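# Understanding the architecture of this molecule
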Amino acid sequence: MPRPVWAAIQSFVAILLVVATAVVSVAPARAAAEARTALIVGNSAYGFAPLANPVNDATDMAAALRQSGFDVTLATNADQPALQAAVKRFTDTLKARGGVGLFFFAGHGIQVGGENYIVPVMNKAPTPEELRAASVAASDVVDAMTAAGNALNIVVLDACRDNPLPGTGTKGLSRIDSGARLFVSFSTSPGAVALDGEGRNSPYTKHLARALLTPGLNLEDTFKRTLKGVYQETAGKQTPWLSSSFFGDFVFREAALAPGGGTPPPSPRPTLPPTGGGAGAGPTVASPREPRPTQATIAPQLAGIYRADGRNPDGSRYKGMVALQPTADGMRFTWWIGRQIFRGTGEFAGRMLVVNWGQTHPVVYSFGAGAGAVLDGEWADGTATERLVPFALAAPARATPQEGRYRVAGRNADGSRYSGTLTLRRDGDLYRLNWKVGSSYQGTGRLDGNILTVDWGAATPVVYALGSDGRLTGLWEAGRGEEVLTPE
């Protein structure tokens, strides 16, 4: 064989060996980069009210999480001492390893006095007086996970079946307050009852396990897919509840390799504020100079006026305008679609907003990080979609419009431009606006947060966002017209 050819072959083989060695070494490094620990509990064999599916649910969830890289402890038909011991070992492991923790319970759960109790397996139904002492409080599990100081905790309760102990509590479970390191999901809405299911699994666990096995889904998409699946399978009788202020990035299972080869993306890690270091520190630690977002910082960044572009269940299209305003628990939505007004309240679940607007089906919006994010929404029944594109963001701090004279620059619904002047005066809780744009127009406005809604005699109001620079930037004619008021 000619020497140049042989040298080329040797070089090629050497490259292959280097690549192979790198591939072999990368996989363990990725696996070790992020500790993942799960405790899965399924209780079916209650002596007083047995359930068909929780053990199946727990077994299938454990299998799905193992395929997602979790070290899983599976406990089935656990009595109180076994359950308490499992929780203690689980939270001790979280404290030592850090990373991501996940607690899943399927079985009976009962709300008493606003507290959720996980009911261990027992032969005889406890009396109301015995229930607290004989059960495990969900808040105790959450508190122990939080105290571990790890990067992210996920709490999943498929435990909202009918109360089997009449007189001991309230139907369904009560809310659990989430935080920047906590993602909570119930199989149904607080105060509602979930279905045990007629097949092998409950509707909730069936769809969650399927989502967990889907490569490339992040935390929000996993539970969004679960919510939609449960809602559609139960024809709207059951809607999973989600709540979180976690705005980091976490993917359960990496996306598969592309058909043409290449390497998968780096192992996804939760991105969190500093955990304080030590054995319980999270896998990635943010610089104190670069704090990670929380609900308290994200909600004001979404406040403002948006254009809506949607598709109705019958396939027809619509356009309108929407005002988003922060509340203590999430966001308040007001839509102007044609001459109709709709209102709803949205709850954060990471980078999602689950919005109830008076209909049986919520709208689930996904959004990106940072101010000016587009919100892509879909009805839980899958029949309609809506995209909200920011037009003007409101000032992050509470402010009031400046009284006096403004320059007016606007665009009519037909695309033509106009300009003029406006005077604004405060009159108690109202604002009086007087335009001089060719003709004179008057309007009366009310300020809600940093959103000023002005009735000026037309079918729809002008809705302005008050900016940090004092300008009022608004939409009218259901979003087809726009106007900017600049103080002089």
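For the structure, check the block above.
A brief structural summary. This structure is a prediction, so every number in the text was calculated from the model and none was measured.

Right, let's talk about the sheet that holds strand β16 (residues 375-379) for a bit. Strand order in the closed barrel made by the 8 strands is β10-β11-β12-β13-β14-β15-β16-β17, with antiparallel pairing throughout. Each neighbouring strand pair of the sheet contributes to a mean axis angle of 30°, computed without reference to strand direction. Note that strand β12 (residues 330-337) and strand β13 (residues 340-348) share 8 bridges and pair antiparallel. Its bridge partner lying in β13, Trp-336 is registered against Ile-341.

Now for the pairing of strand β19 (residues 417-427). For a regular strand, the rule is simple: side chains alternate between the two faces of the sheet. Across 8 bridges, strand β18 (residues 404-411) lies against β19 in antiparallel orientation. When the bridges of β19 are listed, Arg-405 appears paired with Thr-423. What sits between the antiparallel neighbours β18 and β19 is a turn of 5 residues, in which Gly-415 has the positive phi angle 100°. Hairpin connection, β19 to strand β20 (residues 430-437): the antiparallel pair is bridged by 2 residues, and Gly-428 has positive phi, about 65°.

What follows deals with the sheet that holds β20. Sheet strands line up and pair through hydrogen bonds in the backbone, either parallel or antiparallel. An order of β18-β19-β20-β21-β22-β23-β24-β25 is seen for the 8 strands of this closed barrel, with the pairing classed as antiparallel. Each neighbouring strand pair of the sheet contributes to a mean axis angle of 30°, computed without reference to strand direction. Sheet analysis places strand β22 (residues 451-455) next to strand β23 (residues 462-466), joined by 4 bridges and oriented antiparallel. Bridge assignment links Leu-452 to a residue of β23, and that residue is Tyr-464.

Right, let's talk about the pairing of strand β15 (residues 363-367) for a bit. Within β15, 5 of the 5 residues are buried, which leaves the element mostly enclosed by the surrounding structure. Judged by which residues are buried, β15 turns out to be covered on both faces: Val-363, Tyr-365 and Phe-367 on one side and Val-364 and Ser-366 on the other are all buried. As paired elements, strand β14 (residues 352-356) and β15 share 4 bridges and run antiparallel to each other. Paired with Leu-353 across the bridge in β15 is Tyr-365. As paired strands, β15 and β16 are joined by 5 bridges and run antiparallel to one another. In the sheet register, Phe-367 faces β16, and the bridge partner there is Leu-375.

A separate point is the pattern of salt bridges. Following the criterion strictly, the structure yields 17 salt bridges and no others. The network of salt bridges with common partners includes Arg-307, Arg-411 and Glu-482.

With that out of the way, let us pick up the environment of Asp-60. Following the sequence through the fold, Asp-60 ends up in helix α2 (residues 54-67). Residues Asp-60 and Ile-40 lie 20 residues apart in sequence; the distance between their C-alpha atoms is 9.8 Å. With near-sequence residues (within four places) excluded, Asp-60 lies in contact with Arg-200 and Asn-201.

Now for the layout of surface pockets. Roughly 360 Å³ of volume is contained in the largest pocket. Taken together, 23 residues make up the lining of the largest pocket; nearest its centre are Ser-189, Trp-241, Glu-347, Val-354 and Asn-356. Looking at the lining of the largest pocket, the elements with two or more residues in it are β9 (241-244), β12, β13 and β14. Ranked by the residues each element gives to the lining of the largest pocket, the list is headed by β13, at 3 residues. Of the residues that constitute the lining of the largest pocket, the class distribution is 8 nonpolar, 11 polar and 4 charged.

Next up on the list: the packing of helix α3 (residues 80-97) against helix α5 (residues 138-147). Here α3 crosses α5 at 20°, and the two axes come no closer than 8 Å. What the angle tells us is that α3 and α5 run roughly parallel. The two elements α3 and α5 cross, and the hand of that crossing is right-handed. Contact residues: Val-87, Phe-90, Thr-91 and Leu-94 in α3; Val-141, Ala-144 and Met-145 in α5. Partitioned by chemical class, the residues of the contact of α3 with α5 number 6 nonpolar, 1 polar and no charged.

Reading the values: rules and limits
Residues numbered from 1 in each chain as written. Predicted model: local features only at pLDDT ≥ 70, side-chain atom pairs only at ≥ 80, totals over all residues. Heavy atoms only, no water. Pairing = 2+ DSSP bridges. Helix = DSSP H or I, 4+ residues; strand = E, 2+ residues; numbered from the N terminus. Axes fitted to C-alpha atoms, helices over the stretch in contact; angles between N-to-C directions. Buried < 20%, exposed > 50% of the residue type's maximum accessible area, 1.4 Å probe, protein only. Salt bridge = Lys/Arg side-chain N within 4 Å of Asp/Glu carboxyl O. Contact = heavy atoms within 4.5 Å. 1 Å grid on protein atoms, 1.4 Å probe; cavity = no way out; pocket = protein on both sides within 12 Å on 5 of 7 lines; lining within 4 Å. Points joined across faces, edges and corners; volume = space filled by probe spheres on them. Nonpolar A, V, L, I, M, F, W, Y, C, P; charged D, E, K, R; others polar. Parallel < 35°, antiparallel > 145°, perpendicular 65-115°, else oblique. Left-handed = near helix turned anticlockwise from the far one by under 90°.

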